[in-house]
Amino acid sequence: MSNGSSITEFLLLAFADTRQLQLLHFWLFLGIYLAALLGNGLIIRAIVCDHHLHTHMYFLLLNLSLLDLGSISTTVPKAMANSLWDTRTISYWECASQVFFFFFSISAEFYLLTVMSYDRYVAICKPLHYGTLLGNRACVHMAAAAWASGFLHAVLHAANTFSLPLCKSNAVDQFFCEIPQILKLSCSDAYLREVGLLVLSACLVFGCFVFIVLSYVQIFLAVLRIPSEQGQHKAFSTCLPHLGVVSLFVSTGMFACLKPPSISSPSLDLVVSFLNAVVPPAVNPLIYSMRNQELKDALKKLIQSAVSQQH
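Residues numbered from 1 in each chain as written. Predicted model: local features only at pLDDT ≥ 70, side-chain atom pairs only at ≥ 80, totals over all residues. Heavy atoms only, no water.

With that out of the way, let us pick up a nonpolar patch on the surface. A cluster of nonpolar side chains, contributed by Phe-206, Phe-209, Val-210, Val-213, Leu-214, Val-217 and Leu-221, occupies part of the molecular surface with about 580 Å² of accessible area. Accessibility expressed as a relative area gives 30% for Phe-209, which makes it partly exposed. (Patch = residues over 30% accessible without salt bridge, like charges linked within 9 Å, V, L, I, M, F, W, Y side chains within 5 Å. Areas by Shrake-Rupley, 256 points an atom, 1.4 Å probe, with all protein chains shown as cover. Salt bridge = Lys/Arg side-chain N within 4 Å of Asp/Glu carboxyl O. Buried < 20%, exposed > 50% of the residue type's maximum accessible area, 1.4 Å probe, protein only.)

With that settled, consider the state of the cysteines. What is meant by a disulfide is a covalent connection between two cysteines, made through their sulfur atoms. Per the stated rule, a full pass over the model turns up one disulfide. A disulfide bridge connects Cys-95 with Cys-177, and the sulfur atoms are separated by 2.1 Å. The disulfide joining Cys-95 to Cys-177 has a torsion of about -120 degrees about its S-S bond and is therefore left-handed. Here Cys-95 is found in helix H3 (residues 92-125), whereas its partner Cys-177 is found in the loop between helix H5 (136-161) and helix H6 (179-183), with 82 residues between them in sequence. Overall, Cys-95 belongs to the buried group, its relative accessible area being 0%. (Disulfide = S-S within 2.5 Å. Helix = DSSP H or I, 4+ residues; strand = E, 2+ residues; numbered from the N terminus.)

A separate point is unusual backbone geometry. Phi angles above zero are rare outside glycine, and Asp-86 is one such case at about 55 degrees. By relative accessible area, which is 48% here, Asp-86 ends up partly exposed.

Examined against the element boundaries, Gln-22 turns out to sit in helix H1 (residues 19-49). Reaching out from Gln-22, the side chain makes a polar contact with the side chain of Asp-86 at a distance of 2.9 Å. Non-local contacts of Gln-22, meaning those with residues more than four positions away in its chain, are made with Ala-16, Asp-17, Ser-83 and Asp-86. (Polar contact = N/O pair within 3.5 Å; in protein donor to acceptor, adjacent residues only side chain to side chain. Contact = heavy atoms within 4.5 Å.)

We now examine the nonpolar core. Counting 66 residues, the largest nonpolar core has Phe-10 and Leu-61 as its most contacted members. Among the elements that take part in this core, H3 stands out by supplying 15 residues, more than any other. By size, the runner-up hydrophobic cluster in this structure holds 17 residues, among which are Ile-32, Ala-79, Leu-270 and Phe-274. (Core = buried A, V, L, I, M, F, W, Y, C linked by side-chain atoms within 4.5 Å.)

At their nearest, the axes of H1 and helix H10 (residues 279-291) sit 8 Å apart, and the two run at 40 degrees to each other. As far as their axial angle goes, H10 and H1 are oblique. Crossing angle aside, the handedness with which H1 passes H10 is left-handed. On H10, the residues touching Ile-32, Ala-36, Gly-39, Asn-40 and Ile-43 of H1 are Pro-281, Ala-282 and Pro-285. When the residues that make up the contact of H1 with H10 are grouped by side-chain class, the tally is six nonpolar, two polar and no charged. (Axes fitted to C-alpha atoms, helices over the stretch in contact; angles between N-to-C directions. Parallel < 35°, antiparallel > 145°, perpendicular 65-115°, else oblique. Left-handed = near helix turned anticlockwise from the far one by under 90°. Nonpolar A, V, L, I, M, F, W, Y, C, P; charged D, E, K, R; others polar.)

Let us now look at the packing of aromatic side chains. Scanning the model with the defined rule gives 17 aromatic pairs in all. For the pair Phe-29 and Phe-175, a centre-to-centre distance of 5.9 Å together with 35 degrees between the ring planes defines the contact as tilted. In this pair, Phe-29 sits in helix H1 while Phe-175 sits in the loop between H5 and H6, placing the two residues 146 residues apart along the sequence. With a relative accessible area of 2%, Phe-175 lands in the buried category. (Phe/Tyr/Trp six-rings, centres within 6.5 Å; stacked < 30°, edge-to-face > 60°.)

On to the side chain of Ser-107. By the secondary structure assignment, Ser-107 is in helix H3. On the basis of relative accessible area, Ser-107 is assigned to the buried category, the value being 11%. Residues in contact with Ser-107, not counting those within four places in the same chain, are Gly-150 and His-153.

Now for the pattern of salt bridges. For the structure shown, the criterion picks out three salt bridges. Put simply, Arg-120 and Asp-119 hold a salt bridge, and the shortest N to O gap is 2.9 Å. Considered together, Arg-120 and Asp-119 belong to a single accessibility category, that of buried residues.

Structure, rendered in structure tokens:
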């Protein structure tokens, strides 16, 4: 991915200028990162160890937690290191790796959320055909397709972005490397090629979003037709966490991409990217565990087992 430019490193946007605030940001990032590792790690462990959770829904949730771990591990450790060591630099290849892995994680995650909405649609709207429409093999294939699609998108965008000649500057107006900020450094009209790819990706994402919305319209209509209140509550308890995760993912992503240029500033861009890149992976485990009784029971059992082994 050599681009023929002399840039060997980039300067990331610092969160603060004073040493005290830099250390405060380090501890803030460390707390959020450890919370994300603990939350997603517990969900993965609970799903693997509890045979009651060996279902399609929890298999997809396990994949979501893995992607969340990958997403937050791409951006936060470097930001923590820069705040701790009072530096802003990131090497050219570290930057390219960040772009690739972050784009891979968020792309695969959104495709996986689309698959999860289909799983909920079939489970609630067509329960008698669930095994036929979404068997074990089909579920694995759809999850693999989400990962593969994210990987292909990431390769395409990262290779295309870093093949552009970069000569305007090496200062990235963000706390991690992302494609729009790298495109601002290009000194060639060839960047329009990557803009075209981003538009194509946006169309695919919009298509997935429409599919999710239509799925949930059908799901809510089906749930409201359930005669018993207990049945409605059980159906909603399996859907609302997923809907909450989708809402958080889409709202932060849309605001990051569609905010008006008139209100744009480095400080606001920093906050928006923080909300988009860091908050969802840390909050998703909490959203899923709050309303899902099966998952809460499995997590409680896992924690009790760990505590009893220490005594």
